[in-house]
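# Commentary on secondary and tertiary structure
Listed here are the chains, written in short residue letters.
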Amino acid sequence: MVAKKKYPTKKQTSKRQATRNGKNAPKKKSFKKRLFILGLKAASLGLTALAIFCLFVYLGLFGSLPSENELLKIQNHSASEVYSIDEQLMGRFFVEQRLTIDNEDISPYVQEALVATEDSRFFEHNGLDLISLGRVIVRTIIFGDRAQGGGSTISQQLAKNLYPRINLGFLTLPVGKTKEIYTAARLEQVYTKEEILTLYLNTVPFGEDIYGIEMASQRFFGKKSRELNPAEAATLVGMLAANTAYNPRLNPERSLQRRNVVLKRMQEHGSISGNEYLKWSQSKIELNYRRIDHNTGIAPYFREKIRIQAQEILEKKYGVEYDIYSDGLKIFTTIDAQLQEYAELAVAQQMKRLQEEFDRHWKGQSPWSRHPQVYTNALRQSRRYQKMKEAGHSDEEIFKAMEQKIPMTIFTHAGEKKVQMSPVDSVKHYLMLLNTGFVALNPRNGHVLAWVGGIDHKTFQFDHVTSRRPVGSTFKPFVYAAALQDGVKPCEFISNEQVVYEDYDDWSPANSNGQHEGYYSVKGGLVKSVNTISAKLITQIGVGNVIDLAEAMGIDEDIPNYPSIALGTAELSLLDMVAAYSTFPNYGRPVVPLTLLRIEDKDGQVLYEADGNVPKDEVYDDDVAYYMVEMMRGVVERGTGASLRNVFNLKSELAGKTGTTQDNADGWFIGYTPNIVAGAWVGNDQPAIRFRSTALGSGSHMALPIFARFMQRLEKDRSRYQYHKGSFYVVPPRLQKQLMCDDYSEDDPDKNFFDNLFDSFSRPDSVKLKRQEERKAQREDKKKSDHKNLLQRMKDLFKKK
């Protein structure tokens with residue numbers, strides 16, 4: 001049977017025809033389908049991988065995520081602030097320069113500028129803004145429009161600030177972004193939107209090693225953030241895009257442009273009106289730049305003492321509960337900011353002048369030529385020498401390298417200076433610099449009012465207020481006070497003859513002027529600072545009595561048990577000396593220096609408060625108290641401190657004492673009014689480096705001008721009149737006669753007692769007493785004459801009878 005032939009259908013014929021024509025339509029449809037399926041599989045695989053990746057991040061494979069409880073306990077490192085007694089910010093202690101503040105303390109303009117610029121849908125999302133993220137993908141990545149900003153929300157940026165990204169190589173960015181999204185979502189759950197804004201503005205960096213809006217506001221505009229106007233707020237928020245590029249101090253033009261972009265967005269967002277935008281966008285950026293760090297601000301040397309004291313107090317009372325660097329404490333001190341400014345200006349003025357004089361004095365010569373070890377030691381102590389020595393270089397290699405000039409910045413009294421200088425010349429430069437210390441306190445309560453520990457805290461952090469140096473003749477008032485307490489009288493005359501003290505290893509002190517003739521009264525010996533008189537007094541009353549009195553007056557440091565302390569060989573601190581001198585205007589009652597008044601936590605709770613500081617009991621008699629003030633007034637009126645009157649024209653009632661140590665290594669002056677005591681020390685850190693003449697190296701030339709220039713400014717300040725007005729107590733009449741004698745007599749006063757007592761009153765502060773005594777003598781003579789005449793008349797009458 002023959003099979004029936006099958007003819008192709010029309011459909012089959014069309015298919016074959018399409019094959020012959022090279023158009024395989026069914027195959028094309030199959031490829032698209034497979035491609036689509038492949039895409040779906042790839043997307044599914046990618047989403048699965050992404051999900052697994054996100055799961056791994058969530059589970060902490062790349063580092064744990066902060067829990068909600070941890071986020072609730074967020075506490076940023078906040079700098080502790082130090083304040084003066086007149087509530088001026090002196091400085092800060094910090095790990096990060098940050099001040100944490102509450103929402104109500106932040107300018108609303110700052111918050112509005114932030115939202116308008118960084119996250120316009122901030123109040124509409126829950127931490128992740130998909131719309132903003134899509135905008136970034138389309139407009140920023142595809143079209144390259146970077147003016148639109150990033151896709152991170154404020155919550156995500158806060159998460160990044162709180163938990164910086166960990167370096168994971170190529171995974172750093174994806175892991176970091178994912179963790180920030182999770183953390184942002186948790187932040188949104190535990191905090192309100194306002195709280196998130198506050199946290200962000202307290203943590204965000206502004207460059208220059210400062211964090212938070214409050215610190216930035218104080219740094220660039222010298223005001224609290226709540227006081228910022230729209231333009232200032234826009235300037236600071238504009239910096240967040242690029243801290244350095246938009247820094248108004250470093251790049252004012254770019255900062256101005258960026259500020260106006262922020263202002264425009266604030267207008268578009270409805271934060272400011274069109275008129276306000278025009279007003280502020282046309283204004284200039286007016287900075288009030290204030291940089292306060294460990295080396296700047298008010299009284300940096302003093303603040304270091306306060307830091308140590310505050311830490312000790314907190315550790316003793318609270319253990320490790322408080323951290324002075326990160327807990328935002330407020331520390332209140334006794335410093336008067338205005339007096340501190342006067343002190344710093346006085347120091348700067350005198351030390352600049354004195355350094356120029358010192359450089360001229362040694363021009364072309366080296367002060368250490370007779371003491372080469374001073375220079376050699378300075379070279380070996382330099383950082384460059386020690387670093388090369390640690391690297392194994394020989395001294396020859398090191399010194400050769402140190403002679404090569406390199407760029408460096410050095411301290412000068414005109415400010416820091418960039419120079420090309422060899423390290424050897426740098427060592428010589430710093431060796432030549434004289435240094436100083438100055439401190440002032442209130443003798444009534446011991447409050448330290450001003451404190452300058454050196455010429456520059458950044459360069460010389462050694463504090464010369466607390467360092468110990470030989471005190472020179474500033475120690476002599478302790479000797480004289482002890483002598484008066486022992487019964488010696490101010491007008492008792494003592495031979496100026498140089499004596500050899502065999503009991504003290506043939507000690508034979510001489511006077512600086514080489515003169516040893518005549519006789520000095522006790523008060524004259526102090527006024528003229530005569531070494532021979534001081535030596536005779538201390539050997540007469542006993543060294544132990546002088547030491548006991550000095551310690552009772554406030555000297556806490558060891559004093560050598562040797563009579564040479566009468567000439568100032570004891571090494572004591574300026575702070576101890578000034579504190580002890582407070583006994584004089586207090587008429588025998590010493591006080592303890594007080595520096596720290598109160599410590600508060602960040603919420604204002606008082607953690608520590610100093611007890612009231614009142615003068616102690618009298619350490620010497622009232623008569624001695626009157627004598628000492630009058631005798632030390634004589635130092636200012638006609639003695640070694642006379643330039644306070646005739647050169648610096650000070651009008652206040654003053655008393656004090658100069659001091660100059662052997663070979664002019666140290667110059668001192670400590671002076672006081674009834675209500676303030678202040679002292680200065682000047683010298684080189686190396687005693688071998690000094691002036692060669694006493695005319696230049698004396699305390700009256702080096703240190704006294706600092707006190708004088710401080711007092712000149714103080715006398716012009718009517719708001720601080722209590723420190724320069726007022727009078728010392730009037731000497732009781734019964735003691736006035738005990739002070740009415742010459743300072744010096746060429747002849748033995750025992751042979752001419754009445755002449756010495758009445759015939760010479762050259763002392764300016766004795767003129768009034770002299771006149772009073774003359775009038776009194778005249779009245780007595782008249783009475784005697786009248787009485788004599790009466791008796792004579794009576795005798796004549798009887799004779800006639």
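Predicted model, so just to flag it, every value in this text is computed and none were measured.

On to the overall build of the protein chain. The number of helices and strands found in the protein chain is 32 helices and 19 strands. Every one of the 801 residues in the protein chain was classed for burial, and the buried ones make up 49%. Sequence separation of at least 24 residues holds for 70% of the intrachain contacts in the protein chain that already meet a minimum separation of 6. Carbon and sulfur atoms form 51% of the exposed surface of the protein chain, whose accessible area is close to 41200 Å².

To continue, consider the state of the cysteines. The tally for this structure, following the rule as stated, stands at one disulfide. Bridging C491 to C741, the disulfide has an S-S length of 2.0 Å. The sign of the -95° torsion about the S-S bond sets the C491-C741 disulfide as left-handed. One end of the pair, C491, is in the loop between α19 (476–485) and β11 (493–495); the other, C741, is in the loop between α30 (733–736) and β19 (744–745), with 250 residues separating them in the sequence. Considered together, C491 and C741 belong to a single accessibility category, that of buried residues.

Glancing now at the packing of aromatic side chains. Summed over all chains, the structure comprises 23 aromatic pairs. Aromatic side chains F358 and F691 sit 5.0 Å apart centroid to centroid with 90° between the ring planes, which places their arrangement in the edge-to-face category. Of this pair, F358 sits in helix α14 (residues 337–361) while F691 sits in the loop between β18 (676–683) and α26 (694–697); the two residues are 333 residues apart in sequence, bridging distant segments of the chain. For the pair shown, F358 and F691 are each scored as buried. Summarising the aromatic geometry, the rings of Y504 and Y562 are spaced 5.9 Å apart at their centres and angled 80° between planes, so their arrangement reads as edge-to-face. Of this pair, Y504 sits in the loop between β11 and β12 (519–521) while Y562 sits in the loop between α22 (543–553) and β13 (571–573); the two residues are 58 residues apart in sequence, bridging distant segments of the chain. The exposure class of Y562 is partly exposed, given its relative accessible area of 28%. Through a chain of ring-to-ring contacts, the aromatic side chains of F475, F478, Y581, F584, Y672 and F728 assemble into a single cluster.

Along the polypeptide, T436 turns up in strand β8 (residues 435–441). Of note is the side chain of T436, whose polar atom sits 2.7 Å from the backbone oxygen of W681.

For the pair helix α4 (residues 108–118) and helix α8 (residues 193–203), interaxial distance at closest approach is 11 Å and the crossing angle is 95°. When the axis of α4 is compared with that of α8, the two are roughly perpendicular. Two secondary-structure elements touch here, α4 through V110, Q111, L114 and V115 and α8 through L197, Y200 and L201. Of the residues assigned to the contact of α4 with α8, the class counts are six nonpolar, one polar and no charged.

Next up on the list: the sheet that holds strand β1 (residues 80–83). A sheet is described by the order of its strands in space; here five strands give the open sequence β2-β1-β5-β14-β15, paired in mixed fashion. Looking at which strands have only one partner, the edges of the open sheet turn out to be β2 (89–93) and β15 (606–609). Geometrically, the sheet is characterised by an average inter-axis angle of 15° between neighbouring strands, direction not taken into account. Two elements, strand β5 (residues 330–333) and strand β14 (residues 596–600), share four bridges in a ladder whose sense is antiparallel. Paired with T333 across the bridge in β14 is L596. On the sheet, helix α13 (residues 300–318) packs against β1, β2, β5, β14 and β15 and is oriented at approximately 60° with respect to β14.

We now examine the sheet that holds strand β9 (residues 448–452). Pairing within the open sheet is antiparallel, and its five strands lie in the order β9-β8-β18-β17-β16. Each edge of the open sheet is held by one strand with a lone partner, namely β9 and β16 (655–660). With direction set aside, neighbouring strand axes in the sheet form an average angle of 5°. Summarising the sheet, β16 and strand β17 (residues 666–673) pair through six bridges and their orientation is antiparallel. Following the sheet pairing, A655 is matched in β17 by Y672. The strands that helix α24 (residues 622–638) touches are β16 and β17; relative to β16, the one it contacts most, it runs at about 60°.

Another aspect to go through is the pattern of salt bridges. Enumeration over the complete set of coordinates arrives at 27 salt bridges. One network of salt bridges, in which partners are shared, links E208, R219, R249 and R291.

Time to look at the nonpolar core. Within the largest apolar cluster, 136 residues are counted, with the highest numbers of intra-cluster contacts made by F438, F475, F478 and F710. It is α24 that contributes the most residues to this core, nine residues altogether.

This brings us to helix α21 (residues 531–541). With nine of 11 residues buried, α21 lies mostly within the body of the structure. Residues of α21 that are buried include every one of N531, T532, I533, S534, A535, K536, L537, I538 and I541, and no others. In this structure, the buried side of α21 is in contact with α19, β11, β12, α20 (522–527) and α22.

The next point concerns empty space enclosed by the protein. If a probe the size of a water molecule is rolled over the atoms, the empty space left behind becomes visible. Scanning the entire structure with this criterion turns up two cavities of 30 Å³ or more. What lines the second largest cavity is H464, S467, R469, L572, L574, W668 and W681. The residue inventory of the lining of the second largest cavity, partitioned by class, reads four nonpolar, two polar and one charged.

Let's shift gears to the packing of α4 against helix α10 (residues 230–238). In contact at an axis separation of 9 Å, α4 and α10 are set at 45° when each is read in the N-to-C sense. With respect to each other, α4 and α10 are oriented oblique. Regarding α4 and α10, the two cross each other, and that crossing is right-handed. Here Y109, V110, A113, L114 and T117 of α4 come into contact with α10, specifically with P230, A233 and V237.

Taken together, E502, D503, D505 and D506 make up a surface patch of like negative charges. Classification of D503 as exposed rests on a relative accessible area of 73%.

Moving on to the confidence of the model for the protein chain. Here the protein chain shows a mean pLDDT of 86. Residues at 70 or above account for 87%. A low-confidence stretch, residues 756–772 stays under pLDDT 50, and its non-local contacts, those more than four residues away or across chains, total 32 contacts.

This part takes up a nonpolar patch on the surface. Residues I52, L55, F56, Y58, L59 and L61 make up a contiguous nonpolar surface patch of roughly 600 Å² in combined accessible area. With respect to the helices and strands, L61 occurs in the loop between α2 (25–59) and α3 (68–72). Residue L61 is classed as exposed on the basis of its relative accessible area, which comes to 57%.

What follows is about unusual backbone geometry. Positive phi, normally seen in glycine, also occurs at E87, with a value near 65°. With respect to the helices, strands and loops of the structure, E87 is situated in the loop between β1 and β2. With relative accessibility at 63%, the residue E87 sits in the exposed group. In this structure, S529 is a non-glycine residue whose phi angle is positive, near 55°. Note that S529 resides in the loop between α20 and α21. Take S529: its relative accessible area is 15%, and that puts it in the buried class.

We now examine the pairing of strand β6 (residues 406–410). The sheet contact formed by β6 and strand β7 (residues 417–421) spans five bridges and is antiparallel. Bridging across to β7, T409 finds its partner in K418.

Turning to the side chain of Q350, a few remarks are in order. Structurally, the position occupied by Q350 is in helix α14. From its side chain, Q350 meets the backbone oxygen of H701 in a polar contact 3.3 Å long. When sequence neighbours within four positions are dropped, the list of residues in contact with Q350 reads H701, M702, P705, I706 and R709.

What counts and how
- Residues numbered from 1 in each chain as written.
- Predicted model: local features only at pLDDT ≥ 70, side-chain atom pairs only at ≥ 80, totals over all residues.
- Heavy atoms only, no water.
- Helix = DSSP H or I, 4+ residues; strand = E, 2+ residues; numbered from the N terminus.
- Buried < 20%, exposed > 50% of the residue type's maximum accessible area, 1.4 Å probe, protein only.
- Contact = heavy atoms within 4.5 Å.
- Areas by Shrake-Rupley, 256 points an atom, 1.4 Å probe, with all protein chains shown as cover.
- Disulfide = S-S within 2.5 Å.
- Phe/Tyr/Trp six-rings, centres within 6.5 Å; stacked < 30°, edge-to-face > 60°.
- Polar contact = N/O pair within 3.5 Å; in protein donor to acceptor, adjacent residues only side chain to side chain.
- Axes fitted to C-alpha atoms, helices over the stretch in contact; angles between N-to-C directions.
- Parallel < 35°, antiparallel > 145°, perpendicular 65-115°, else oblique.
- Nonpolar A, V, L, I, M, F, W, Y, C, P; charged D, E, K, R; others polar.
- Pairing = 2+ DSSP bridges.
- Salt bridge = Lys/Arg side-chain N within 4 Å of Asp/Glu carboxyl O.
- Core = buried A, V, L, I, M, F, W, Y, C linked by side-chain atoms within 4.5 Å.
- 1 Å grid on protein atoms, 1.4 Å probe; cavity = no way out; pocket = protein on both sides within 12 Å on 5 of 7 lines; lining within 4 Å.
- Points joined across faces, edges and corners; volume = space filled by probe spheres on them.
- Left-handed = near helix turned anticlockwise from the far one by under 90°.
- Patch = residues over 30% accessible without salt bridge, like charges linked within 9 Å, V, L, I, M, F, W, Y side chains within 5 Å.
- Lys, Arg positive; Asp, Glu negative; His and termini not counted.
- Charge placed at Lys NZ, Arg CZ, Asp CG, Glu CD.
- pLDDT = per-residue confidence, 0-100.

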